[in-house]
Amino acid sequence: MLDNIKNIHIKTLSKAWATLSEINYDYQFKNGSWKRVSRESYDRGHGTGILLYNPEKGTVILTRQFRMPIYQTKKEDGMSIEVCAGAIDDKDSPESTIIREVEEEVGYRIQEVKKVMEAYTSPGALTEKMYLFVAPYSADMKVNGGGGIASEHEEIEVMELPFSKALKMIESTEIQDAKTIMLLQYAHIHSLLGKKNGE
Ligand SMILES: Nc1nc2c(ncn2[C@@H]2O[C@H](COP(=O)(O)OP(=O)(O)O[C@H]3O[C@H](CO)[C@@H](O)[C@H](O)[C@@H]3O)[C@@H](O)[C@H]2O)c(=O)[nH]1
Ligand SMILES: [Mg+2]
């Protein structure tokens, strides 16, 4: 335990789909003084995301879907271009979650994934950590059309596009999702697309 934090009091402000808490605590600053601090924290569990890439074709698979928080903040159409992603149930591992999400959302059956990053998505407000993966895909792995689970009100458009175009969509701000930008840049830095590495 840290010795510069004590008297932690957690108050649940909302417990519905996820949990919003107000956490009050005494924190000792570097000059030795103690202060009572209050912070809100939103817990909706952890998440996974994956960049699927095809080095032969020079393409990647992304998704496009409506995201209410984007609509709420930007007053635009709320559509978001993202890597395939999913929330992790407590009983599942990040790996098994993402393999299942890939089949549900984009229709590919993949066997192996490579974890490349663990990233807190908004550590001042969210408990969420994203486990980020990459995996190659090919046409013979396609098992369905994807789209997500209609009963969970998901409507996910599957996009297969040249890696070079995806990189340009970061510059043009068509892609604004952080985990997607991180994975596309990872692929670029590590030349995952070989000769078709976006140049
Ligand atoms: N009722 C209700 N249902 C919700 C809510 N939020 C999510 N759901 C349900 O839970 C499903 C979650 O779908 P996933 O594919 O597992 O997760 P995701 O929405 O893609 O989220 C992923 O990306 C997020 C954005 O980066 C991440 O925040 C999240 O951890 C995860 O990785 C949704 O389709 C919806 O049915 C909510 O506030 N209320
Ligand atoms: Mg999802």
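These numbers were taken from a predicted model, which means no experiment stands behind them.

The rules behind these values
- Residues numbered from 1 in each chain as written.
- Chains lettered and ligands numbered in written order.
- Predicted model: local features only at pLDDT ≥ 70, side-chain atom pairs only at ≥ 80, totals over all residues.
- Heavy atoms only, no water.
- Patch = residues over 30% accessible without salt bridge, like charges linked within 9 Å, V, L, I, M, F, W, Y side chains within 5 Å.
- Areas by Shrake-Rupley, 256 points an atom, 1.4 Å probe, with all protein chains shown as cover.
- Salt bridge = Lys/Arg side-chain N within 4 Å of Asp/Glu carboxyl O.
- Helix = DSSP H or I, 4+ residues; strand = E, 2+ residues; numbered from the N terminus.
- Buried < 20%, exposed > 50% of the residue type's maximum accessible area, 1.4 Å probe, protein only.
- Near = heavy atom within 4 Å.
- Polar contact = N/O pair within 3.5 Å; in protein donor to acceptor, adjacent residues only side chain to side chain.
- Nonpolar A, V, L, I, M, F, W, Y, C, P; charged D, E, K, R; others polar.
- Contact = heavy atoms within 4.5 Å.
- Phe/Tyr/Trp six-rings, centres within 6.5 Å; stacked < 30°, edge-to-face > 60°.
- Lys NZ or Arg CZ within 6 Å of the ring centre and 35° of its normal.

Colleague: Tell me about a nonpolar patch on the surface, and name the residues and values.
Modeller: A surface patch of nonpolar side chains, amounting to about 310 Å² of accessible area, comprises Phe66, Met68 and Tyr71. Its location among the elements puts Met68 in helix H1 (residues 68-74). You can call Met68 partly exposed: its relative accessible area is 46%.

Colleague: An account of the site of ligand 1 is needed here, citing residue identities and associated values.
Modeller: Around ligand 1, a shell composed of 15 residues is seen, among which Arg67, Glu128, Glu152, Glu154 and Lys179 lie nearest. Contact between ligand 1 and Arg44: an oxygen atom at 3.3 Å from a side-chain N or O atom of the residue. Measuring from an oxygen atom of ligand 1, one finds a backbone N or O atom of Gly86 at 3.2 Å. Contact with the protein chains removes 70% of the 750 Å² of surface that ligand 1 exposes when unbound. For the shell around ligand 1, the secondary structure elements donating two or more residues are strand E4 (47-54), strand E7 (84-87) and helix H2 (94-106). Among the elements that line the shell around ligand 1, the one with the most residues is E7, at three residues. For the shell around ligand 1, the class distribution of residues is four nonpolar, three polar and eight charged.

Colleague: So what's going on with the environment of Glu103? Which residues, and what values?
Modeller: For Glu103, the position within the fold is in helix H2. With relative accessibility at 24%, the residue Glu103 sits in the partly exposed group. Linking Glu103 and Asn144, residues 41 residues apart in sequence, is a C-alpha distance of 7.6 Å. Once residues within four sequence positions are removed from consideration, Glu103 is found in contact with Tyr108, Arg109, Val143, Asn144 and Gly146.

Colleague: Report on unusual backbone geometry, specifying residues and quantitative values.
Modeller: For Thr173, which is not glycine, the phi torsion reads 70° and is therefore positive. Mapped onto the elements, Thr173 comes out in the loop between helix H3 (163-171) and helix H4 (178-189). Accessibility expressed as a relative area gives 48% for Thr173, which makes it partly exposed.

Colleague: Which residues make up the packing of aromatic side chains, and what values do they have?
Modeller: The full count for this structure, using the stated rule, is four aromatic pairs. Ring centres of Phe66 and Tyr71 lie 5.7 Å apart, and the angle between their planes is 55°; this geometry places the pair in the tilted category. Look at Phe66 and you get partly exposed, because its relative accessible area is 42%. Seen in terms of ring centroids, Tyr108 and Tyr137 are 5.1 Å apart; in terms of plane orientation they differ by 65°. Their pairing is edge-to-face. Here the residue Tyr108 occupies a position in the loop between H2 and strand E8 (114-120), and Tyr137 occupies one in the loop between strand E9 (129-136) and strand E10 (157-162), the gap between them amounting to 29 residues. Note on accessibility: Tyr108 and Tyr137 belong to one class, buried. One aromatic cluster is present, formed by Tyr25, Tyr27 and Phe29 through successive ring pairs. In this structure, Lys6 packs its charged tip against the face of Trp34, placed 4.1 Å from the ring centre.

Spatial relationships are all this shows, so hold off on functional conclusions.
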